[in-house]
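# Understanding the architecture of this molecule
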Amino acid sequence: MSGKYIYIAFGAFLGVLCSLVKLFPFLLLTFLYLYALTKLNKVKQAQIVLIILLSFVFYLKGEWAVTHNYSRIPSTKTVFNIEYIQNPIIDGDMLKVQGKERQYKEKVLLRYQITSEEEKKFLQNQSLYGSLCLVAGTLKKPSTAKNPNGFDYRNYLANNSILWVVDLQKSPLQNCKPLHSSPSVFLKQLRYTGINYLENKFPKEIAGLSAALIFGDSNMLDPELLDDYQRTGLVHLLAISGLHVSLFIGMIFFLGIRCGLTRQFMTNFLLILLPVYVILTGSSPSVIRSALMICLILIAEKWKHRLRLVTIDAICLAFVLYIFVSPMVIFNIGFQLSFLVSFAIILAAPNILSRFQGNMAKMAATSITAQLSAMPLLLYHYFQISLIGIAANLLYIPLFSFVYLPAVYVLLILQILIGETPRILIILLQSIIEQSNRFIEVLGNVPFTNLIPGRPHILLIIFYIILIASFFFIWESSPYINRRAHLVVLGVIVLSIQPCWNWLNPYGEVTMIDVGQGDSILIHFPHGRGNYLIDTGGSPEFLEERWKQRSKPFEVGRDVVVPFLKGKGITTIDKLILTHGDMDHIGGASSILSELKVKQILLPSVTEPSETEQLITKEALNQGIPVIKISTGSQWQQGNSHFYILSPKRNFTGERNRGSIAMVANIGGLSWFFGGDLDQKGEEGIKAEFPYLTIDVLKAGHHGSKTSSAPAFLEQIKPKIALISAGEHNRFGHPHQEVLDRFEALNTKIYRTDQQGAITYNFYGGNGTFSTYLP
């Protein structure tokens, strides 16, 4: 079986996919896989039978995981017996921690809003491990994604067997009693103590890097720095991976041998050390994968006369063991990337990497292999890939491997042994970290270094896989005359698939994005001929005490609108139309301007623009973006669509909502009315000036408030469809029942973001259909 465990691993994977994703397509794929193995004579008949049996066993295991992933805790329960099972995360005045409800033996996520700076300091230096606490709180369902390409927190937690969030009323450390310690709890406590020790003993830059590389905790790192690492394709270096585990284990083994210990003793010692190391570093999928592989290789070394195990067998067995113990882990991004990239590098090593001479050449080939193999996953999850990642890895992998990793261990050991670290070492390392971080920031902001084609359709992902497999097949084949040209052509095709599809796509769309209590509407024209964004949503800004401030506060533009647009491959906004100066309509504009290319900004022609409008105008002028004030009579054509501005009058003076940009447009065979927060008096003015105006689709004014959507106005325009953008459970009570009754009296179909999430009209030519993101 040596070298053939990969066939078993893929069969087991297909069995799990049949149960956890969709039965029929993956069952069909399983039959095709078994047929191909038989026809190609890759395995013996007995091994085929073994693969079938294992596929069925893993199918049953997946079914078991699905049927047991439900909550037993009654939704009305308010008092809980909690044993804390993870390090708490304190961000500003919010504490989050995972715990196990002892009565129902079920994991929950607990949240607590800290009441004072003194309490925060106390909680930061207090371990939550080893105690059983009686806490009171309210059960809530985790938030779910309400827009395409949004992060689904509910699914993420469910895949980790967490189905409830508990909002605590009081401190999580009240009414506690000690529990008998276990080795696992002791190691988790040691990890928590170690992270706190680093935070208290070292400067912020060194402490953050040390916590990430030693204990696998990146919570101390600056969120902006993490974004820079993400953009440059280096974020994997901040997570403990196979590289870190191998270097750490290699150092321990080398030191043991140099101290005169036998290879047999060190092998046994490492088999004991690896599970300990996994817990100390946070048990991430990449660490577990690497530790399993090393354990299997060490066991094979001990039993080399009875068990032969090559590297590809080790990763396959590690994969099989991992998904058998935890089938739901297949949805974890870290798990997917760790195993996929490792598989690719191991398979490429004999025929591709071995051809290169010199460490830099081998490292470059390895980086290309990793980037290409990970590309479908990176596009699906993050919508973009770094074009500078290969070069950045060539520079930063040696820095992390031979400078950062040894340095943080040496500093920690010196600090523990002598109680103080030589100041010169601190200054030197801190200087290196600061300079490298500045350079990463520069790299992350170099134009055209990130390709953002958007999330590919499943058929395109299959096409990606075929093309990338073809690339590797040609790369590892014997040299021939046109091989290099074929590789270049394939590489260009791989990078061009999604952008070309975006350009060829004949469908357009109008989407009311769910931005909570606010407005943001995308108009995307077919064949990439233009993108308009009407408003950007926005979060209210409150001045808070420094200790309450989050490291990266939620911001609608950055966290909702930009991911939605990037997921569709939209990186250019031809017209950013900001209807009026309220924060819930234009507060996210700054993020749009910093993340995307904006060609033109349209603002209402008013005599007294808001402070936010003035800031946006200033930022736009700094970027060289034209800002145009529009009023009644302004109009333009975009393909077959015509846009006409109905209000406000030039140099409008009056109430801000009444001065909203109101416009009509014909898009996809329908006439649309977009009016911002236009109030009833403003609607009456439009009714008087345009007495024959009729509309198919109305964007209801002011989130469905009774101050808009006047009965006489509705009677005239007779909308067939009304779109209402309102926040779920908003404190204003939008949309008001009175407004809903008006629409129902006219037989107007109502779509609401608070109940249905994003609302999309997809059109082809003059026909289209409406759909909602939530059923």
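Residues numbered from 1 in each chain as written. Predicted model: local features only at pLDDT ≥ 70, side-chain atom pairs only at ≥ 80, totals over all residues. Heavy atoms only, no water.

Looking now at the overall build of the chain. A tally of regular secondary structure across the chain gives 26 helices and 26 strands. The globule rule puts the C-alpha radius of gyration for 775 residues at 28 Å, and the 29 Å found for the chain is close to it. Principal axes of the C-alpha set define a box for the chain whose edges measure 95 × 70 × 55 Å. Expressed as a percentage of the 775 residues in the chain, the buried residues total 50%. Restricting the contact set of the chain to residue pairs at least 6 apart, pairs at least 24 apart contribute 69%. Of the charged side chains in the chain, 68 are positive and 54 negative, and the gap between their average positions amounts to 12 Å. (Helix = DSSP H or I, 4+ residues; strand = E, 2+ residues; numbered from the N terminus. Rg over C-alpha atoms; globule rule 2.2 N^0.38 Å. Buried < 20%, exposed > 50% of the residue type's maximum accessible area, 1.4 Å probe, protein only. Contact = heavy atoms within 4.5 Å. Lys, Arg positive; Asp, Glu negative; His and termini not counted. Charge placed at Lys NZ, Arg CZ, Asp CG, Glu CD.)

Taken in spatial order, the seven strands of this open sheet run β18-β19-β20-β21-β22-β23-β24, and their pairing is mixed. In this open sheet, the two edge strands, each paired with only one partner strand, are β18 (635–638) and β24 (749–752). Along the sheet, successive strands turn relative to each other by an average axial angle of 20 degrees, direction set aside. As paired elements, β18 and strand β19 (residues 641–647) share four bridges and run antiparallel to each other. Across the sheet, the residue bridging to Q637 is H642, located in β19. Where helix α25 (residues 737–745) meets the sheet, its contacts fall on β22 (697–699), β23 (721–724) and β24, and the angle it forms with β24 comes to roughly 145 degrees. (Pairing = 2+ DSSP bridges. Axes fitted to C-alpha atoms, helices over the stretch in contact; angles between N-to-C directions.)

Let us look at the packing of aromatic side chains. For the structure on display, the rule yields 35 aromatic pairs. Plain terms: the ring middles of Y229 and F400 are 6.3 Å apart, the flat faces sit at 90 degrees to each other, and that makes the pair edge-to-face. Taken together, the residues span a long stretch of sequence, with Y229 in helix α8 (residues 223–231) and F400 in helix α15 (residues 389–418) at a distance of 171 residues. Residue F400 is classed as buried on the basis of its relative accessible area of 2%. An angle of 80 degrees between the planes, with centres 6.2 Å apart, marks the rings of Y644 and F690 as edge-to-face. Note that Y644 is positioned in strand β19 and F690 in the loop between α23 (680–689) and β22, a separation of 46 residues in sequence. Overall, F690 belongs to the buried group, its relative accessible area being 19%. One aromatic cluster in this structure is built from F13, F319, Y322, F335, F339 and F343. (Phe/Tyr/Trp six-rings, centres within 6.5 Å; stacked < 30°, edge-to-face > 60°.)

Every buried residue of α25 is accounted for by V739, L740, R742 and F743. Buried positions in α25, seen along its axis, are confined to an arc of 155 degrees and lie on one side of it. The secondary structure elements touched by the buried residues of α25 are α23, β22, α24 (711–717), β23 and β24. Immediately beyond the C-terminal end of α25, within one or two residues, lies N747, with a positive phi of roughly 60 degrees. (Arc of directions from axis to C-beta.)

Backbone torsion omega between S647 and P648 reads 10 degrees, so that peptide bond is classified as cis. Of note, P648 is situated in the loop between β19 and β20 (662–667). P735 follows H734 through a cis peptide bond whose omega is -5 degrees. Counting through the fold element by element, P735 comes out in the loop between β23 and α25. Its identity is not glycine, yet K105 carries a phi of approximately 50 degrees, on the positive side. Structurally, K105 is set in the loop between β3 (94–101) and β4 (106–113). For K105, a relative accessible area of 65% translates into the label exposed. The backbone phi angle of N149 is positive, close to 70 degrees, even though this residue is not glycine. By secondary structure assignment, the location of N149 is in the loop between β5 (131–140) and α5 (153–158).

In this structure, E106 sits in strand β4. Of the side chains bearing the opposite charge, R72 lies closest to the buried E106, which forms no salt bridge; the N-O distance is 4.4 Å. Setting aside residues up to four positions removed in sequence, E106 forms contacts with Y70, S71, R72, I73, G99, K100, E101, L163 and W164. (Salt bridge = Lys/Arg side-chain N within 4 Å of Asp/Glu carboxyl O.)

Moving on to the nonpolar core. In terms of nonpolar packing, the biggest core is built from 86 residues, with I323 and F400 touching the most fellow members. By residue number, the principal contributor to this core is α15, which donates 11 residues. Setting aside chain neighbours within four positions, we find I323 in contact with A12, F13, V16, F58, V329, I330 and F335. Formed by 28 residues, the second largest nonpolar core is a distinct cluster that contains I521, I630, F643 and Y751. (Core = buried A, V, L, I, M, F, W, Y, C linked by side-chain atoms within 4.5 Å.)

Here we come to the pattern of salt bridges. By the definition in use, this model includes 19 salt bridges. Salt-bridge contacts for R102 lead to E83; the nearest nitrogen and oxygen are separated by 3.3 Å. With R102 in the loop between β3 and β4 and E83 in strand β1 (residues 79–84), the pair connects residues that are 19 residues apart, well separated along the chain. Residue E83 is classed as buried on the basis of its relative accessible area of 19%. Between D754 and R752 there is a salt bridge, with its nearest N and O atoms 2.7 Å apart. Per residue, the accessibility class of D754 equals that of R752, and both read buried. Within this structure, R111, K140 and D167 form a network of salt bridges that share partners.

If you trace the eight strands from one edge of the open sheet to the other, you get β17-β16-β14-β12-β11-β10-β25-β26, paired in mixed fashion. The sheet is open, and its two edges are formed by β17 (627–630) and β26 (767–772), each paired on a single side. For this sheet, the mean angle separating the axes of adjacent strands, direction not counted, is 15 degrees. Two elements, strand β25 (residues 759–764) and β26, share six bridges in a ladder whose sense is antiparallel. Note on β26: the bridge partner recorded for I759 is T772. The strands touched by helix α22 (residues 611–622) are β16 (601–604) and β17; relative to β16, the strand with the most contacts, the crossing angle is about 155 degrees.

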